[in-house]
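# Architecture and fold: a report
Next come the chains, spelled out residue by residue.
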Amino acid sequence: MKKNICIILSLLLYTIGMQAEVRLPGIFSDRMVLQRDTPIPLWGFADPKETVVIEFNGKQYKTRASKTGEWAVNLQKHKAGGPYELRVNQKIIQDVYVGDVYLCSGQSNMELTVKRVMDKYKNEIVSYENNLIRYTKTSYAYNFIEPQQDSNNEWKICTRENVLDFAALCYFFAKEMQAEKGVAIGIINSSWGGTNIASWSTRQSLEKYARFREKLQSPQYINPDYPDSVKNAQKEQVNQWHRLQSSNDLGNKEKWTHKNFDASDWEEVDVFNSNWGGSWNAPINGVHYFRQRINIPESLAGQQAVLRVGTLKDSDATYINGICIGRTSYQYPPRIYQVPTDLLRAGENEIVIRLVSSAGRPEFVKGKPYQLEIAGQTIPLTAMWQYKTGCIMKRIPSTTGFQNEPTGLYNSMIHPLRNYGIRGVIWYQGESDTGPEGSKHYEKHLIDLVNDWRIQWNNKNLPFVIVQLANYQQRSKVPVESGNAQVREAQRKASLQLKNAGLATAIDLGESNDIHPLNKKDLAHRCVLQMNKLAFGEKNIIAEGPMAEVAELKEDGRIVVFFKQGTGTLKHAKSLEGIAIAANDGKYKFVEAYTEGDHVIAIWNGKGIPSSIRYAWENNPPSSIYNTEGLPSSSFQLPIIYKVEYPVTVKRKIND
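Attention here is on the structure that accompanies the text. (Residues numbered from 1 in each chain as written. Predicted model: local features only at pLDDT ≥ 70, side-chain atom pairs only at ≥ 80, totals over all residues. Heavy atoms only, no water.)

## Looking at the overall build of the protein
The following threshold applies: Numbered from the N terminus, helices here are DSSP runs of H or I no shorter than four residues, and strands are runs of E no shorter than two. In this scheme, a residue with accessible area under 20% of its type's maximum is buried, one over 50% is exposed, and one in between is partly exposed, where area comes from a 1.4 Å probe on protein chains only. Only the protein chains shown count as covering a residue, and every accessible area follows the Shrake-Rupley method with a 1.4 Å probe. Counted as positive: Lys and Arg. Counted as negative: Asp and Glu. His and the chain ends are not counted at all. In this description, the location of a charge corresponds to atom NZ of lysine, CZ of arginine, CG of aspartate or CD of glutamate.
In terms of regular secondary structure, the protein is built from 13 helices and 33 strands. Here the C-alpha coordinates of the protein stretch approximately 105 × 80 × 55 Å along the principal axes. Relative to its full complement of 656 residues, the protein shows a buried share of 53%. In the form shown here, the protein has an accessible surface area of approximately 29,900 Å², with 49% of it arising from carbon and sulfur atoms. Seen as two clouds, the 79 positive and the 69 negative side-chain charges of the protein have centres 4 Å apart.

## Digging into the packing of helix 4 (residues 168–181) against helix 12 (residues 520–536)
Just so we agree on the cut-off: A fitted line through C-alpha atoms serves as each axis, taken over the contacting stretch for helices, and the angle formed by two N-to-C directions is quoted from 0 to 180°. Relative orientations are named as follows: roughly parallel for angles under 35 degrees, roughly antiparallel for angles over 145 degrees, roughly perpendicular for angles from 65 to 115 degrees, and oblique for any other angle. Crossing handedness: left-handed means the near helix sits turned counterclockwise from the far one by under a right angle, and right-handed means the same turn made clockwise. By the convention used here, residues are in contact when the closest approach between their heavy atoms is within 4.5 Å. Gly is placed with the polar residues, together with every amino acid not listed as nonpolar (Ala, Val, Leu, Ile, Met, Phe, Trp, Tyr, Cys and Pro) or charged (Asp, Glu, Lys and Arg).
Interhelical geometry of helix 4 versus helix 12 gives an angle of 50 degrees and a closest axis separation of 8 Å. As judged from the angle between their axes, helix 4 and helix 12 are oblique. Judged by the twist between their axes, the crossing of helix 4 over helix 12 is right-handed. In this structure, helix 4 contributes Ala168, Leu169, Phe172, Phe173, Glu176, Met177, Glu180 and Lys181 to the contact, and helix 12 contributes Lys520, Lys521, Leu523, Ala524, His525, Cys527, Val528, Met531, Asn532 and Phe536. A per-class count over the contact of helix 4 with helix 12 returns 11 nonpolar, two polar and five charged.

## Thoughts on the packing of helix 3 (residues 118–126) against helix 4
Look at helix 3 against helix 4: their axes get within 13 Å of each other, and the N-to-C directions meet at 40 degrees. Regarding the angle of helix 3 to helix 4, the classification is oblique. At the point where helix 3 passes helix 4, the crossing takes the left-handed sense. In this structure, helix 3 contributes Tyr121, Glu124 and Ile125 to the contact, and helix 4 contributes Tyr171, Phe172 and Lys175.

## Comments concerning the pattern of salt bridges
This is how the line gets drawn: When a carboxyl oxygen of Asp or Glu is within 4 Å of a side-chain nitrogen of Lys or Arg, the pair counts as a salt bridge.
Enumeration according to the criterion identifies 38 salt bridges in this entry. Glu85 serves as the salt-bridge partner of Arg87, at 2.9 Å between the closest nitrogen and oxygen. Classification of Arg87 as partly exposed rests on a relative accessible area of 33%. Overall, the relative accessible area of 34% leaves Glu85 in the partly exposed class. Three or more residues are tied together by salt bridges with common partners; here these are Arg291, Arg293, Glu348 and Glu350.

## Thoughts on the sheet that holds strand 20 (residues 370–374)
As a reminder, the rule being used: Pairing between two strands requires that DSSP report at least two bridges joining them.
Read across the sheet, four strands follow the order 17-13-20-21 without closing on themselves; strand pairing throughout is antiparallel. Each edge of the open sheet is held by one strand with a lone partner, namely strand 17 (336–339) and strand 21 (377–380). Across the sheet, the axes of successive neighbouring strands diverge by a mean angle of 20 degrees, strand direction being ignored. Inspection of the sheet shows strand 20 paired to strand 21 by four bridges, in the antiparallel sense. Bridge assignment links Leu372 to a residue of strand 21, and that residue is Ile379.

## What about the pairing of strand 28 (residues 579–582)?
Side chains of strand 28 alternate between two faces, with Ile579 and Ile581 and Ala580 and Ala582 buried alike. Of the pairings in the sheet, the one linking strand 28 to strand 32 (residues 612–615) comprises four bridges and is antiparallel in character. Bridge pairing in strand 32 links Ala580 to Arg614. Here three bridges tie strand 28 to strand 29 (residues 588–590), and the two strands are oriented antiparallel to one another. From the neighbouring strand, Ile581 faces strand 29, where its bridge partner is Lys589. Following strand 28, the chain reverses through five residues before pairing antiparallel with strand 29; Gly586 in that reversal takes a positive phi of roughly 80 degrees.

## Remarks on the nonpolar core
This is how the line gets drawn: By nonpolar core we mean a set of buried residues, namely Ala, Val, Leu, Ile, Met, Phe, Trp, Tyr and Cys, connected to one another through side-chain atoms within 4.5 Å.
Counting residues in each nonpolar core, the largest one holds 103 residues, and the members touching the most others are Phe28, Ile54, Trp71, Phe173, Tyr420 and Trp453. Leu300, Ile325, Leu343 and Val365 belong to the second-largest nonpolar core, a separate cluster that totals 29 residues.

## A look at the sheet that holds strand 27 (residues 558–563)
The strands making up a sheet associate through backbone hydrogen bonding, with each pair oriented either parallel or antiparallel. Read from one edge to the other, the open sheet built from eight strands follows the order 29-28-32-33-26-27-31-30, with strand pairing classed as mixed. One side of each edge strand has no neighbouring strand; the edge strands of this open sheet are strand 29 and strand 30 (592–596). When strand polarity is set aside, the average angle formed by the axes of neighbouring strands in this sheet is 25 degrees. Where strand 30 lies against strand 31 (residues 599–603), five bridges are found, and the strand directions are antiparallel. Bridge assignment links Ala593 to a residue of strand 31, and that residue is Ala602.

## Focus on the pairing of strand 10 (residues 184–191)
Within strand 10, eight of the eight residues are buried, leaving the element largely enclosed by the surrounding structure. The alternating pattern of strand 10 places Ala184, Gly186, Ile188 and Ser190 and Ile185, Ile187, Asn189 and Ser191 on opposite faces, both of which are buried. Of the pairings in the sheet, the one linking strand 7 (residues 91–106) to strand 10 comprises eight bridges and is parallel in character. Paired with Gly106 across the strands is Ser191, a residue of strand 10. In the sheet, strand 8 (residues 130–137) pairs with strand 10 via five bridges, with the strands oriented parallel. Bridge pairing in strand 10 places Tyr135 opposite Ile187.

## Comments concerning unusual backbone geometry
Looking along the chain, the bond that leaves Gly82 and enters Pro83 is cis, with omega of 0 degrees. Relative to the helices and strands, Pro83 is located in strand 6 (residues 81–88). The omega torsion across Lys313 and Asp314 is 15 degrees, close enough to zero to call that bond cis. Within the secondary structure, Asp314 is located in the loop between strand 14 (312–313) and strand 15 (315–320). Its identity is not glycine, yet Asp342 carries a phi of approximately 75 degrees, on the positive side. On the basis of relative accessible area, Asp342 is assigned to the exposed category, the value being 64%. Phi is positive for Asn500, close to 55 degrees, though the residue is something other than glycine.

Okay, here's the thing in structure tokens:
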């Protein structure tokens, strides 16, 4: 009898051991948040016909894998709560909460980390932790052959250690939402800097456009090995460029970064205003060296410090007294370098920057902080530096950014998530589509993307918050054409055409000298307002700034702009900036304008009957139209309509 029992137990243990472990997509992992108040989709992979047993919050669910090994179940609706444990056969996922989940996608402004905004929000960030905020960043991946079924994700809790790598916009959005709703907030950030909208779109949505049909027949869409073969060849060309600049660099040979190097024969330049980097059309690429001496009082010597050297294009290595204190490999991040204790001495200290320019005009970005900070005191750096060229190089060989190719990011970074329950989507992208071709078609592509993602999630009303591009670059004194404005207009018009979509305007939150503005907190609040309206049905709140709809030419010659109902009461303004009008010749001219009740009134004083009106139509426009809630109007371009045949006297008045 005992022998039979032993045999049975042995067979049972053998059977259990032989049972293949089920596999879940990467999005299902410890610390995840599942969407409340809706059936919870769960799916994965197993051996063909294998039985899959799921246990969650006291309930058990059974299913069987298909002939090809896929399985899926819907767990029953759950109210917010946790922590729970999810068991799928032998696999255990721990510390699971049910709350609200948001998908955040786009390019670098959606990726910009909390680490980058610490200067602005440090005290707030370091004093805050929240176990009910969970965040996962989908790993970079692309595929052109077919949509993928899995992605690489790891959920992290909002702690002081983890939060620096959270995206700043996502962090502030989650923080406000969690405080307001009192439930766990899960953020899935699936974004990649510098990418265009076509890379996030499905093949089906692009094939109807001729320019994409041809593209989708190119080698990377047929041969899976093609991208790697191209990248490997191009990588070797780039490596050769770097080896050449290193060997040609006179500064390397003569050790220009070393302490006490004799630089008496170097020229002196104003790094902001001289032509050391060449012109925009004829840049001087290669290696550039800059040297500046600063005096440190004895009371501050030997202390830990922070050196800020603004933003530099392209990459740099920065030295103090011959010791490298920091390196940055590309142009956008601000250079904030920690200076070790005992490196700074009383008296004269030397800062050396080795700047490598690989493409485009090298520069020190004006308006950024260039200073040394010690013990609460600031020692500014001057604009005058000693300067010498290490070597001059041709532009670095170009490379193919496959992450920018159509469909690749959708297939690998969105499609694997399409069944995961989410409350809504925040989309922040467009900077990479501001060229003539991209801005021309952006409205259609954005509408296609929203509608197509809704199909993928099987939710025709999936809330979409569209973040409008922030103001950036220098302000113009005359009306200009602008790719940024064209994309903003496409975003505005798409938000009006799409059901259950809204615009979060950032037109007053940008920075003239940084495409990545730091003020992600106010922008997150505007996203919260829109999501409350779209996802929670809070119809009485004002979720956006005044939204222009119609412009009419009246009999007295005034142009009246009417705004969409529900976008608030116009803030009174005796004078408005940034309004331009054109007659049929298409030449815009700034005009006087003001608010009157809930309308904007513009005065046309040009020749001809006005045909079009624009507001805030440039890369970095003034923002002057607000509602009484403090939310800015989107930029806009509207045709000017007139409903009556004006008397001759009015026509004469208009034409005089």
